[in-house]
Amino acid sequence: MPAYIVGIVEELLDPEIMGRYIENIDPLIAEHGGHYVFVSDTVQVIEGDLQPAMLAAVEFADMDRLRAFWACLDQTDVKALRQRGSRGGVLFVDAPNAG
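The structure displayed is predicted, hence computed values, not measured ones.

So what's going on with the overall build of the chain? Residues and values would help.
From N to C terminus, the chain includes three helices and four strands. Mapped in sequence order, the helices and strands of the chain form the string β-α-β-β-α-α-β. Computed over C-alpha atoms, the radius of gyration of the chain comes to 13 Å, within 12% of the 13 Å expected from 2.2 N^0.38 for 99 residues, which places it in the range of a compact globule. Residues classed as buried in the chain amount to 31% of the 99 residues present. Sequence separation of at least 24 residues holds for 77% of the intrachain contacts in the chain that already meet a minimum separation of 6. As displayed, the chain has an accessible area near 6300 Å², and 51% of this comes from carbon and sulfur atoms. Separation of charge centres in the chain, based on 7 positive and 16 negative side chains, amounts to 6 Å.

Right, here's the structure in full:
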């Protein structure tokens, strides 16, 4: 059953650092069998107080693979790059009815 990680960037603090983050995160996503569903900086809020500057979603085969991907970030400086380059959050979504 697919599982998704959703990144919400509320504020881009340093575009150069985020560029390095993207260069480093892409091979790790692929290594764990993930693929981007979307990445967009064109986000229109219809309702609520959210003001995201960017959203990204990555699909993994299941929650175990997603968690393995997340755990591997602790062995690198990738997570720290994201935290220095942006302000936002990350969601894990288990989607039994997707697809």
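Mind laying out the layout of surface pockets, listing which residues take part and the relevant values?
In this structure, the largest pocket occupies an estimated 420 Å³ of space. Lining the largest pocket are 26 residues; nearest its centre among them are G7, V9, Y21, A56 and R82. When contributions to the lining of the largest pocket are tallied by element, the ones reaching two or more residues are β1 (3–12), α1 (15–31), β2 (35–40), β3 (54–60), α2 (63–72), α3 (78–85) and β4 (86–94). Of the residues in the lining of the largest pocket, the class split is 19 nonpolar, five polar and two charged.

For the nonpolar core, give the residues involved together with the corresponding values.
The tendency in soluble globular proteins is for nonpolar side chains to be buried as a group. If you look at the biggest cluster of nonpolar residues, it comprises 17 residues, and the most contacted ones within it are I25, F69 and L73. Going through the elements one at a time, β1, α1, β3, α2 and α3 are the ones with two or more residues in this core. For this core, the element with the highest residue contribution is α1, accounting for six residues. Each residue touching L73, except ones within four places of it in the same chain, is listed here: I25, L28, V78 and K79.

Please provide a residue-by-residue account of the sheet that holds β1, values included.
In space, the four strands of this open sheet follow the order β2-β3-β1-β4, with antiparallel pairing throughout. Two strands bound the open sheet, and with one partner strand each, they are β2 and β4. Between one strand axis and the next, the sheet turns through 15° on average, direction left out of account. Here β1 runs beside β4; their pairing, made up of nine bridges, is antiparallel. Paired with V9 across the two strands is G88, which belongs to β4.

Could you give an account of α3, with specific residues and numbers?
Residues lying three or four places apart along an α-helix face the same way, a consequence of the helix completing one turn every 3.6 residues. What α3 keeps buried is the set V78, K79, L81, R82 and G85. When α3 is viewed along its axis, its buried side chains cluster within an angular range of 160° and face the same direction. Buried residues in α3 make contact with β1, α1, α2 and β4.

Definitions and cut-offs
- Residues numbered from 1 in each chain as written.
- Predicted model: local features only at pLDDT ≥ 70, side-chain atom pairs only at ≥ 80, totals over all residues.
- Heavy atoms only, no water.
- Helix = DSSP H or I, 4+ residues; strand = E, 2+ residues; numbered from the N terminus.
- Rg over C-alpha atoms; globule rule 2.2 N^0.38 Å.
- Buried < 20%, exposed > 50% of the residue type's maximum accessible area, 1.4 Å probe, protein only.
- Contact = heavy atoms within 4.5 Å.
- Areas by Shrake-Rupley, 256 points an atom, 1.4 Å probe, with all protein chains shown as cover.
- Lys, Arg positive; Asp, Glu negative; His and termini not counted.
- Charge placed at Lys NZ, Arg CZ, Asp CG, Glu CD.
- 1 Å grid on protein atoms, 1.4 Å probe; cavity = no way out; pocket = protein on both sides within 12 Å on 5 of 7 lines; lining within 4 Å.
- Points joined across faces, edges and corners; volume = space filled by probe spheres on them.
- Nonpolar A, V, L, I, M, F, W, Y, C, P; charged D, E, K, R; others polar.
- Core = buried A, V, L, I, M, F, W, Y, C linked by side-chain atoms within 4.5 Å.
- Pairing = 2+ DSSP bridges.
- Axes fitted to C-alpha atoms, helices over the stretch in contact; angles between N-to-C directions.
- Arc of directions from axis to C-beta.

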